[in-house]
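# Summary of structural features
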Amino acid sequence: MLAAVCVGTNDLGAAGAFYDAVMAVLNMQRVAENTVEIGYGAKEGEAVFWVLKPYNKEPATFGNGSQVMLRAETADMVDAFHKTVMTSGGQDEGAPGPRDYSKGYYGAYVRDLDGNKLHAFYLPNG
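The structure displayed is predicted, hence computed values, not measured ones.

The rules behind each value
- Residues numbered from 1 in each chain as written.
- Predicted model: local features only at pLDDT ≥ 70, side-chain atom pairs only at ≥ 80, totals over all residues.
- Heavy atoms only, no water.
- Core = buried A, V, L, I, M, F, W, Y, C linked by side-chain atoms within 4.5 Å.
- Buried < 20%, exposed > 50% of the residue type's maximum accessible area, 1.4 Å probe, protein only.
- Helix = DSSP H or I, 4+ residues; strand = E, 2+ residues; numbered from the N terminus.
- Contact = heavy atoms within 4.5 Å.
- Expected span 1.5 Å × (residues − 1).
- Polar contact = N/O pair within 3.5 Å; in protein donor to acceptor, adjacent residues only side chain to side chain.
- Salt bridge = Lys/Arg side-chain N within 4 Å of Asp/Glu carboxyl O.

## Some thoughts on the nonpolar core
- With 26 residues, the main nonpolar core has Tyr19, Met23, Tyr40, Phe49, Val51, Phe81 and Leu118 as its most contacted residues.
- For this core, the elements supplying multiple residues, two or more each, are helix H1 (12-25), strand S3 (37-41), strand S4 (49-52), strand S5 (68-71), helix H2 (75-87), strand S7 (106-111) and strand S8 (117-122).
- With seven residues, the top contributor of residues to this core is H1.
- In this structure, Tyr19 is in contact with Val7, Ala24, Tyr40, Phe49, Val51, Asp112 and Leu118, ignoring residues within four places of it in sequence.

See the structure below:
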């Protein structure tokens, strides 16, 4: 069973500000933190998404072909996610819109401040 997902950062302060704004759009918030990591989850819930400085003290890098998928409750939330990422310094990797993955699928692709790829999606009845 999957417990959580982690992405690396080279600037935990900047990443924290970025993810505080972005995760709020998806009804997630900072629920845990220390000097090397910040965890996000539902209010008063367990952290399921972590942004952290790599344990080996080497620079954080992103994976080619890797992405973190985040489920949104509505298509409007996907739009707000994309807009928030763009205004918070992230990069566009695919504007919000329908995708042909399955009926009703609506998603957006972005990169965070460290180049980690994020994909927010809405799937009705999914």
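## Details of H1
- Between its terminal C-alpha atoms H1 stretches 20 Å, which fits the 20 Å expected from 14 residues at 1.5 Å a residue.
- Those residues of H1 lying buried are Leu12, Ala15, Gly16, Phe18, Tyr19, Val22, Met23 and Val25.
- Sitting at the amino-terminal end of H1 is Asp11, which places a side-chain oxygen 3.2 Å from the backbone nitrogen of Gly13.
- Just downstream of H1, Asn27 is the residue with a positive phi angle, here 60°.

## Overview of the environment of Gln29
- With respect to the element layout, Gln29 can be found in strand S2 (residues 29-33).
- Here Gln29 is in contact with Gly39, Tyr40, Gly41, Lys43 and Glu44, once residues within four sequence places are set aside.

## Remarks on the pattern of salt bridges
- Under the counting rule described, the total for this entry stands at three salt bridges.
- Asp20 is the partner of Arg30 in a salt bridge, and the nearest nitrogen-oxygen pair spans 2.9 Å. Here Arg30, found in strand S2, pairs with Asp20, found in helix H1; they are 10 residues apart in sequence, far enough to count as distant.
- For Arg30, a relative accessible area of 29% puts it in the partly exposed group.
- Ionic contacts of the salt-bridge type, sharing partners, join the residues Asp20, Arg30 and Glu33 into one network.

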